[in-house]
Amino acid sequence: MANLNLTLKVWRQENAQAQGRIETYKAKNIPDEASFLEMLDIVNEELVHEGKEPIVFDHDCREGICGMCSLTINGVPHGGKKVTTCQLHMRQFKDGDTIWIEPFRAQAFPLLRDLMVDRTALDNIIAAGGFVDIRTGSAPNANNMPVRKKTADAAFDAAACVGCGACVASCKNSSAMLFTSAKAAHLNLLPQGQPEKNKRVLAMVRQMDALGFGNCTNQYECEAACPKGISVDNIAKLNRDYMIACAAEAVGVFA
Amino acid sequence: MRPLQSCWLCLLFCCCSRKNLVFGACFFGVFAVEYFRKDVIAIMNDIITTACKFVTSSIGRKILVALTGACLLLFLVGHLAGNMTIYGGDPGNGVPSWIDAYATGLHTMPAWLLWAIRLGLAAILLIHVVLTLALKIENVNARTQYQKEGTLKATLSSRTMVLTGIMIFCFLVFHLWQLTVNGDPANCYQHIVDAFTSPICSGFYILAICCLFMHVRHGLQSVFQTLGLSTRKVRPLYNIIAVLFGLVVCGAFISIPVAVLCGILK
Ligand code: HEM
Ligand code: SF4
Ligand code: FES
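Residues numbered from 1 in each chain as written. Chains lettered and ligands numbered in written order. Predicted model: local features only at pLDDT ≥ 70, side-chain atom pairs only at ≥ 80, totals over all residues. Heavy atoms only, no water.

K.L.:
Give a description of the overall build of chain B that names residues and reports values.
P.N.:
When you go through chain B residue by residue, the secondary structure sums to 11 helices and 0 strands. Listing each helix as α and each strand as β along chain B from the N terminus yields α-α-α-α-α-α-α-α-α-α-α. Relative to a compact globule of 266 residues, whose C-alpha radius of gyration would be 18 Å, chain B shows 27 Å and is clearly more extended. By its C-alpha atoms, chain B is 85 × 60 × 35 Å across when sized along the principal axes. Relative to its full complement of 266 residues, chain B shows a buried share of 36%. For chain B, contacts bridging at least 24 residues in sequence account for 70% of all contacts bridging at least 6. Total accessible area computed for chain B in this model is approximately 15300 Å², and 75% of it derives from carbon and sulfur atoms. Of the charged side chains in chain B, 19 are positive and 9 negative; the average position of the first set lies 14 Å away from that of the second. (Helix = DSSP H or I, 4+ residues; strand = E, 2+ residues; numbered from the N terminus. Rg over C-alpha atoms; globule rule 2.2 N^0.38 Å. Buried < 20%, exposed > 50% of the residue type's maximum accessible area, 1.4 Å probe, protein only. Contact = heavy atoms within 4.5 Å. Areas by Shrake-Rupley, 256 points an atom, 1.4 Å probe, with all protein chains shown as cover. Lys, Arg positive; Asp, Glu negative; His and termini not counted. Charge placed at Lys NZ, Arg CZ, Asp CG, Glu CD.)

Encoded structure:
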């Protein structure tokens, strides 16, 4: 296995107020079976040895399920290989490559340090309506509550969103429509979520607007960058559901 | 007296004589509104509150942009159909071009109708432009620039909608000034040929229509997504329709200055 020697252009910024800048590092002797984050671990070890501050980045599970890792790699969140950064392997790169590493950028994601941003805004959208109020009990027996296969699949696909925020970071308008629409759709499609559908849609969209995300222009960058293959069909559905919810609210179908 | 009782009294009053009918009906209306006032206000409040929230929300404004955009697309089709009459008739041999009759025809429609159409179109365009610019400003402010930008899928036309839109708007102002304000319906054909004989004028026209192509190419398929009528199954079809629509419409528009420059229309 050939090891890689890379040049990294990394965004460094001490805190939210500090002036950020790109710094250049050499990543030497990186095994190509390393993940992107492991590559950064190796670089960081060297930085610590030299008595320098290591590069700060977010991570947790490192197996592609928690949505905590971020990084915009060569201008594309998660590197655009349909996996999370922790699942991105160095074999995707060639010896001698220069790699640009920046945080997930958006005004709604304030930068904390280096490559770490605050994605609380996404949690706030969930808090506004991404839940079911009633007690639904434990998992029902299979086929107890009939759900069409197509519907179940669509709900499951939407529920695969790990809330990483790559959709926002990749969007030319920093819109959170893909995230919001996936979170709304996975509940709206299922029987447990349907009683509160209109209320949920209005609350989540209004919260999304209030948090300073941009407006979708149907460029579908989000879908291309999403590590979980969330489809922009969810956005079309949210647009549809929003119209219905507004009509319902206007004539007072629900309080 | 309670409003409801007043209503009945008014009805009685109406029945007394025909002259009282009008007064009675008026009073009845007033009292009826008075009786239902609370409900009327509640309903209106709900509707107006929601409407205000809708037209200030991200999705609501996008839907208005899509609806006005769709109207403008329909206008393009109508306008194009009218323009194609320029190829009818045989002005070289003394048979006037059909476009003269078409232009004169447009001007013989009742003034109120002509102005209703003009003002309606202007209002639609105004809503479209104001909302898109407002959305664009928000989008720019919501974003933080990357040092190294990367793009996976966004088309050039989708990323230049404001630029092509502004180009279309500038063209529109010039176009109206040149052919509507300074035009003469009876001499429409000659006026157009004279205008397009200038390569600068033709060039500007062709450039603007190319911008229109880019705008429509993204815009048409975008309408379906914004209105929630799109799925991954039909999205490629909408893209094909958008490109074909753009090619046919813009190609046909451009054919006119090209025909003039080539001497086919003279
Ligand atoms: C005949 C003239 C025009 C036509 C047929 C037209 C058509 C459209 C259509 C169909 C859309 C897509 C709506 C959506 O779903 O988002 C659109 C969007 C847009 N239009 Fe126009 N438009 C015209 C003029 C203009 C003008 C004069 C401007 C001036 C600024 C403009 C700026 C925009 C912008 C910025 C968008 C949003 C793009 C996006 O969401 O990606 N348009 N237009
Ligand atoms: S939709 Fe995809 S990119 Fe956006 S937060 Fe969910 S998993 Fe991440
Ligand atoms: S660290 Fe959990 S998804 Fe990458």
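K.L.:
Explain the coordination of the iron atom of ligand 1 to me, and be specific about the residues and the numbers.
P.N.:
Residue and element names in this part refer to chain B. Around the iron atom of ligand 1, the protein supplies His128 (NE2) and His215 (NE2) as donor atoms, at distances of 2.0 Å. Taken together, the 6 donor atoms coordinating the iron atom of ligand 1 span angles of 87 to 179 degrees at the metal, a pattern that classifies the geometry as octahedral. Taken together, the positions of His128 in helix α6 (residues 111-142) and His215 in helix α10 (residues 199-226) put the pair 87 residues apart, joining distant regions of the chain. Classification of His128 as buried rests on a relative accessible area of 13%. Residue classification places His215 among the buried residues on the basis of a relative accessible area of 17%. (Donors = N, O, S within 2.8 Å, 3.2 Å for Na, K, Ca; no water. Tetrahedral: all angles 85-135°; square planar, octahedral: opposite > 155°, others 65-115°.)

K.L.:
Tell me about the sheet that holds strand β4 (residues 76-77) of chain A, residues and numbers included.
P.N.:
Residues and elements named next belong to chain A. Taken in spatial order, the 5 strands make up an open sheet running β2-β1-β5-β3-β4, and their pairing is mixed. One side of each edge strand has no neighbouring strand; the edge strands of this open sheet are β2 (21-31) and β4. Pairing analysis gives 2 bridges linking strand β3 (residues 72-73) to β4, with the strands arranged antiparallel. Bridge pairing links Thr72 to Pro77 in β4. Here helix α1 (residues 36-49) sits on the sheet in contact with β1 (3-12), β2, β3 and β5 (98-102), set at roughly 105 degrees to β2. (Pairing = 2+ DSSP bridges. Axes fitted to C-alpha atoms, helices over the stretch in contact; angles between N-to-C directions.)

K.L.:
Account for the environment of Asp184(B), naming residues and giving values.
P.N.:
Residue and element names in this part refer to chain B. Within the secondary structure layout, Asp184 lies in the loop between α8 (161-181) and α9 (188-197). Residue classification places Asp184 among the partly exposed positions, given a relative accessible area of 37%. Between the alpha carbons of Asp184 and Ala103 there is a distance of 8.6 Å; along the sequence they are 81 residues apart.

K.L.:
An account of the domain arrangement of chain B is needed here, citing residue identities and associated values.
P.N.:
Much of the literature gives interface size as the accessible area that the parts lose upon coming together. Looking at chain B, the domain boundaries give domain 1 (1-56) and domain 2 (58-141 + 154-261). Its C-alpha centre places domain 1 of chain B at a distance of 46 Å from the equivalent point of domain 2 of chain B. (Domains from an automatic or database assignment.)

K.L.:
Run through the packing of α6(B) against α8(B), naming residues and quoting values.
P.N.:
Residue and element names in this part refer to chain B. In the contact formed by α6 and α8, the axes pass within 11 Å of each other and the chain directions differ by 155 degrees. As judged from the angle between their axes, α6 and α8 are roughly antiparallel. Two packed elements cross with a definite hand, and for α6 against α8 that hand is left-handed. Taken together, the residues of α8 that come into contact with α6 (itself represented by Arg118, Leu125, Val129, Leu133 and Lys136) are Val162, Phe169, Leu172 and Thr180. Per-class residue counts for the contact of α6 with α8 are 6 nonpolar, 1 polar and 2 charged. (Parallel < 35°, antiparallel > 145°, perpendicular 65-115°, else oblique. Left-handed = near helix turned anticlockwise from the far one by under 90°. Nonpolar A, V, L, I, M, F, W, Y, C, P; charged D, E, K, R; others polar.)

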